[in-house]
Amino acid sequence: MARTATMNCTVNLSSTDMFSDTMVISASSGISMDGEHKAMGTVQLDSTLTHDTDVAGAVQITGGGLTATGDGSTVGIPINTRAYVFLHNISGAITHLRQEDQDSDDTVGNTIASVKAGEMALIPYNATNFDSNNRTHLYLQVSGTSVKSIVRYVIAELSA
Amino acid sequence: MATLTTTVGLTSTDLFGDNLSLTASGSITISGASNALQNHSITTANYVLNPVAVQADSRGYLFVRHRGGDTEDQLLKIVVTSTVFGTMASGEVALIPLGDRSGTITYSAIASAGTCEVEFGVFEVTNT
């Protein structure tokens, strides 16, 4: 059984010019993370390089390793599992969070979120595309010609 | 144009072997017509969060706070262009940047059962 941990998430939004009055939102939650995978890291992406996937500038972030293959039955987000993904584009070009192609194992599929330099995200993810093992991988990919980005991420799964 | 100042923080004492403490802050330039902040009771019927779709070549930043349902285990499904993208439990918050450069984007939400109280905002961001 996977170990349970708690992650406290905070989102603060404010703006003085979006509406006629100042907007301030402060929201926080404690999420019980009891899924198989908990990962964090910082990656430097380069659109001129084939890092470890079939798509230039893309890196797989769900397998706990540098290879996009070795799918097996123990890596990737399982079916009927929720996950929260935190992204922070520290610098560089716009970077996409992409999921595995439903029809081709270990192939980069649809873009599901995009963050520009300086932007961040806290994304509840519920996979809709799965490979032959009923699991899915997530990838980060930098977009553009001869561009780079530095992105940090955290992925934590919930069993339901 | 307007500026949305955002901060996202993650903390945990037991997620990894060492304490986790991440904070990211930045300013997001908001543009476009699809900016709104609301609170709504969402049922099992599909509820469109942005009646004015986010334009092609833009992204929408979607803020969602699941404030609770009729019962504790009611989940809120976030739907993007007819596909369930994420599922949130009561009390959870999210800040989601979603883009589809091939067309306009409509977000919606559906309660897994009964009614969920949901606070949400949709903010449009130009990609370039």
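Residues numbered from 1 in each chain as written. Chains lettered and ligands numbered in written order. Predicted model: local features only at pLDDT ≥ 70, side-chain atom pairs only at ≥ 80, totals over all residues.

Caption draft 1: Summary view of the overall build of chain B. Secondary structure assignment for chain B yields zero helices and 10 strands. In sequence order, chain B lays out its α and β elements as β-β-β-β-β-β-β-β-β-β. In terms of overall dimensions, chain B is globule-like: its C-alpha atoms have a radius of gyration of 16 Å, near the 14 Å expected for 128 residues. Seen along its three principal axes, the alpha-carbon backbone of chain B occupies a region of about 40 × 35 × 25 Å. Burial statistics for chain B: of 128 residues in total, 42% are counted as buried. Contacts spanning at least 24 positions in sequence make up 75% of the contacts within chain B whose residues lie at least 6 apart. (Helix = DSSP H or I, 4+ residues; strand = E, 2+ residues; numbered from the N terminus. Rg over C-alpha atoms; globule rule 2.2 N^0.38 Å. Buried ≥ 20, exposed ≤ 12 C-beta atoms within 10 Å, placed from the backbone. Contact = placed C-beta atoms within 7 Å.)

Caption draft 2: The arrangement of the environment of alanine 53 of chain B in detail. All names here are of chain B. With respect to the helices, strands and loops of the structure, alanine 53 is situated in the loop between β4 (47-48) and β5 (58-69). We classify alanine 53 as partly exposed; it has 19 C-beta atoms within 10 Å. For the pair alanine 53 and serine 90, spaced 37 residues apart in sequence, the C-alpha separation works out to 27 Å.

Caption draft 3: A look at the sheet that holds strand β4 (residues 58-60) of chain A. All names here are of chain A. Read from one edge to the other, the open sheet built from four strands follows the order β4-β11-β7-β8, with strand pairing classed as antiparallel. Every interior strand has two partners, whereas the edge strands, β4 and β8 (108-115), have only one. Each neighbouring strand pair of the sheet contributes to a mean axis angle of 30°, computed without reference to strand direction. Direction of pairing for strand β7 (residues 95-100) relative to strand β11 (residues 138-142): antiparallel, over a ladder of five bridges. Note that in β11 the partner of histidine 96 across the bridge is glutamine 141. (Pairing = 2+ DSSP bridges. Axes fitted to C-alpha atoms, helices over the stretch in contact; angles between N-to-C directions.)

Caption draft 4: Inspection of the pairing of strand β6 (residues 76-80) of chain B at higher detail. Of all five residues that make up β6 of chain B, four are buried, and the element is covered over most of its length. Where β6 of chain B folds back onto strand β7 (residues 83-88) of chain B in an antiparallel hairpin, the turn is made up of two residues, including threonine 81 of chain B, whose phi is positive at roughly 45°.

Caption draft 5: A look at unusual backbone geometry. Positive phi is not limited to glycine here, since serine 146 of chain A has a value of about 55°. Relative to the helices and strands, serine 146 of chain A is located in the loop between β11 and β12 (148-158).

Caption draft 6: Representation of the confidence of the model for chain B. In this model, chain B carries an average pLDDT of 87, and 94% of its residues clear a pLDDT of 70 or more. Confidence metrics for the complex model read pTM 0.88 and ipTM 0.87. (pLDDT = per-residue confidence, 0-100.)

Caption draft 7: Fine view of the interface of chain B and chain A. Opposite the 41 residues of chain B that make contact, chain A presents 43 residues. Those elements giving two or more residues to the side of chain B that touches chain A turn out to be β1 (2-12), β2 (20-30), β5, β7 and β8 (93-99) of chain B. For the side of chain B that touches chain A, the leading source of residues is β1 of chain B, giving 11 residues. Residue composition of the side of chain B that touches chain A, by class: 22 nonpolar, 15 polar and four charged. Pairing of strand β1 (residues 5-15) of chain A with β1 of chain B involves seven bridges; the strand directions are antiparallel. When the sheet's bridge partners are listed, threonine 10 of chain A is paired in β1 of chain B with glycine 9 of chain B. (Nonpolar A, V, L, I, M, F, W, Y, C, P; charged D, E, K, R; others polar.)

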